[in-house]
Amino acid sequence: MSDRLLKIGITCYPSVGGSGILASELGEELAQRGHEIHFISYEQPFRMPVGPKVFFHKVQINSYDLFKYPDYTLPLSVKMAEVSRDHGLDVLHVHYAVPHATAAFLARSMLHREHQLKIITTLHGTDTTLLGRDPGYGPAIRHALEQSDAITTVSEFMRTETVRLLGVQRPIEVIHNFFEPHPTEHSQKEIRRELGLADGEAMLLHVSNLRPLKRLDLLLDTVARLKPKLAFKLVVLAGADPGPLLAEARRLGVTDRLIIRERVTDIEGYLATADLGLFTSEVESFCLSILELLTVGCPSVAFAVGGIPEVTISGETGVLVPLGDTAAMAGAVQALLADPARRAALGRAAQKRAREKFSAAAIIPRYEALYRRVCGN
Ligand code: GMT
């Protein structure tokens, strides 16, 4: 098999979200290995890398009085076809099925014999678990998946759900997410000072886009259940408007426990400073945030849902409790905050697992092998 370098198009949502972050990091790692990367989206992805091998192609969306709702799929497919032809892309790797996989399929049809375009679709979560159930989307998603040259999911759970909800017959390859922490710009002392944490005050960390399925009501309910004497703050790195979170905190009387930061880019500093991660999603195909914490040796407490048990092993690299059991969650947080030695042991095992299973070194060669297989060499 030839190891020639490839020209890879990547389409993802540029906004703060797991699939966009993963796609950006993937582009960065592939460019470092010498591949040429072309991001195609309506905005530069939040964490898009810069470098001589990385290009960004903006999809222009015009508004017409005729349309009540602006259309993104068609201009995206036109841009995909144009970039594929003009830059001779070998493969277009789309992250999140809607509308990216459909647009890629259209782009390929438009190119016809002009340029042979291979399409890989990676399913990240709600594109299957939420939209896949929607009769207005399901059949279109299934069709686009059937037309992809390869399908991957970010967890075993997602593979099972994709087959169950969409009835996809094609082989689906599980390639777990990866994370490589960048060197942090700030010391732990600086971060603690910036957050206003008092000496001895523990830092619980929650990172998310605050969507309803993150169940912030259960997150704050857990906080409300922690003993009043416990010295801690819950730091939330918010990828969306934190207004509703604050309103719920006020209702539960826990605003003094909450510190919110928005659109944080130097996430590594906060990860490295955290004592414990806290996640309350009711479903999660993977949970990149838990992995981000694992890589810096910080365990998390979370509900045992979706793909989370594939990422962190309860009792070995973190603690998982049954969905909705905030009493058990608060108990686990208290026990871990009271036992730094146990926390450190979980953290060491967490970091080891992250390195072995979810590092760029473990995952990128699997994507490269897939690209080459699909491209026929
Ligand atoms: O719904 C979100 O949390 C965002 C969504 C996305 O596509 O950006 O996240 C999904 O993809 C992430 C990266 O693969 C996974 O880590 C998240 O678990 C997944 N979210 C859900 O399944 C809810």
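Up top is the structure.
Residues numbered from 1 in each chain as written. Predicted model: local features only at pLDDT ≥ 70, side-chain atom pairs only at ≥ 80, totals over all residues. Heavy atoms only, no water.

Visitor: How should the site of the ligand be read in this particular structure?
Guide: Around the ligand, the surrounding shell holds 18 residues, and the nearest of these are His124, Asn177, Arg211, Lys214 and Glu284. One of the backbone N or O atoms of Gly18 is found 2.9 Å from an oxygen atom in the ligand. Here an oxygen atom of the ligand sits 2.7 Å away from a polar atom, N or O, in the side chain of Glu284. Structurally, the ligand is housed in the largest pocket. For the shell around the ligand, the residue count by class is seven nonpolar, eight polar and three charged. Two domains each donate at least three residues to the shell around the ligand, and these are domain 1 (7-178 + 360-376) and domain 2 (188-357). (Near = heavy atom within 4 Å. Polar contact = N/O pair within 3.5 Å; in protein donor to acceptor, adjacent residues only side chain to side chain. 1 Å grid on protein atoms, 1.4 Å probe; cavity = no way out; pocket = protein on both sides within 12 Å on 5 of 7 lines; lining within 4 Å. Sits in = over half its atoms within 2 Å of the grid points. Nonpolar A, V, L, I, M, F, W, Y, C, P; charged D, E, K, R; others polar. Domains from an automatic or database assignment.)

Visitor: Honestly, helix α9 (residues 243-252) in this entry has me stumped. Any pointers?
Guide: Structurally, the α-helix is built with 3.6 residues per turn, so residues lying three or four positions apart point the same way. If you check which residues of α9 are buried, you get Leu245, Glu248 and Ala249. For α9, the angular spread of the buried residues around the axis is 105 degrees, confining them to a single face. The outward face of α9, more than 90 degrees from its buried face, is lined by the exposed residues Pro244, Arg250 and Arg251. (Buried < 20%, exposed > 50% of the residue type's maximum accessible area, 1.4 Å probe, protein only. Helix = DSSP H or I, 4+ residues; strand = E, 2+ residues; numbered from the N terminus. Arc of directions from axis to C-beta.)

Visitor: When you look at the sheet that holds strand β9 (residues 232-238) in this model, what are you seeing that I'm missing?
Guide: Hydrogen bonds between backbone groups are what pair the strands of a sheet, and the pairing can be parallel or antiparallel. Reading across the sheet, the six strands line up as β10-β9-β8-β11-β12-β13 and stay open at both edges, with parallel pairing between neighbours. What marks the edges here is a single partner per strand, and that holds for β10 (258-262) and β13 (319-321). Averaged over all pairs of adjacent strands, the angle between their axes in this sheet comes to 25 degrees, without regard to strand direction. Across the face of the sheet, α9 comes into contact with β9 and β10 while running at roughly 175 degrees to β10. (Pairing = 2+ DSSP bridges. Axes fitted to C-alpha atoms, helices over the stretch in contact; angles between N-to-C directions. Contact = heavy atoms within 4.5 Å.)

Visitor: How do you make sense of the layout of surface pockets when you look at a structure like this?
Guide: Here the largest pocket defines a volume of roughly 720 Å³. Forming the boundary of the largest pocket are 39 residues, of which Gly17, Gly18, Ser19, Asn209 and Lys214 lie nearest the centre. Counting residues per element, the ones that place at least two in the lining of the largest pocket are α1 (18-32), α4 (126-129), β8 (202-208), β9 and α11 (288-295). Looking at side-chain class alone, the lining of the largest pocket contains 18 nonpolar, 15 polar and six charged residues. Mapping the lining of the largest pocket onto the domain boundaries places at least three of its residues in each of domain 1 (7-178 + 360-376) and domain 2 (188-357). As a volume, the second largest pocket reaches approximately 250 Å³. Considering the residues around the second largest pocket, the lining is formed by 13 residues, among which Arg47, His182, Thr265, Asp266 and Glu268 are closest to the centre. Sorting the residues of the lining of the second largest pocket by element identifies α1 and α10 (267-273) as the ones contributing at least two each. Within the lining of the second largest pocket, the residues separate by chemical class into five nonpolar, two polar and six charged. (Points joined across faces, edges and corners; volume = space filled by probe spheres on them.)

Visitor: I would appreciate a short explanation of the nonpolar core in the present structure.
Guide: Most often, soluble globular proteins have nonpolar side chains that are buried together. Met80, Leu204, Leu205, Leu234, Leu291, Val301 and Tyr371 are the most contacted members of the largest nonpolar core, which totals 120 residues. Looking at this core, the element that brings in the most residues is helix α15 (residues 360-375), giving seven residues. Lining this core are residues from two domains, each supplying at least three of them: domain 1 (7-178 + 360-376) and domain 2 (188-357). Filtering out sequence-adjacent residues up to four positions away, Leu204 remains in contact with Leu226, Phe232, Lys233, Leu234, Val235, Leu276, Leu278, Val333 and Leu337. (Core = buried A, V, L, I, M, F, W, Y, C linked by side-chain atoms within 4.5 Å.)

Visitor: Could you clarify how one ought to interpret the sheet that holds strand β5 (residues 118-123) in this entry?
Guide: One open sheet accounts for seven strands, arranged β3-β2-β1-β4-β5-β6-β7; its pairing is parallel. Edge strands, defined here as strands with exactly one partner in the open sheet, are β3 (54-58) and β7 (172-174). Sheet twist, expressed as the mean angle between neighbouring strand axes with direction ignored, is 25 degrees. As paired strands, strand β6 (residues 150-153) and β7 are joined by three bridges and run parallel to one another. Bridge assignment links Thr152 to a residue of β7, and that residue is Glu173. Across the sheet, helix α6 (residues 156-166) is in contact with β5, β6 and β7; its angle to β7 comes to roughly 160 degrees.

Visitor: Which parts of the structure should I look at to understand the pairing of strand β4 (residues 91-95)?
Guide: Of all the five residues making up β4, five are buried; the element is thus mostly covered by neighbouring parts of the structure. Burial along β4 is two-sided: Val91, His93 and His95 facing one way and Leu92 and Val94 facing the other are all buried.

Visitor: Whenever I open this one, the state of the cysteines confuses me. Can you help?
Guide: By definition, a disulfide links the sulfur atoms of two cysteines through a covalent bond. Under the criterion given, the structure shown has zero disulfides. For Cys12, which is in no disulfide, the shortest distance to another cysteine sulfur is to Cys287 and amounts to 19 Å. Looking at the unpaired Cys298, the closest cysteine sulfur is the one in Cys287, lying at 12 Å. With relative accessibility at 2%, the residue Cys298 sits in the buried group. (Disulfide = S-S within 2.5 Å.)

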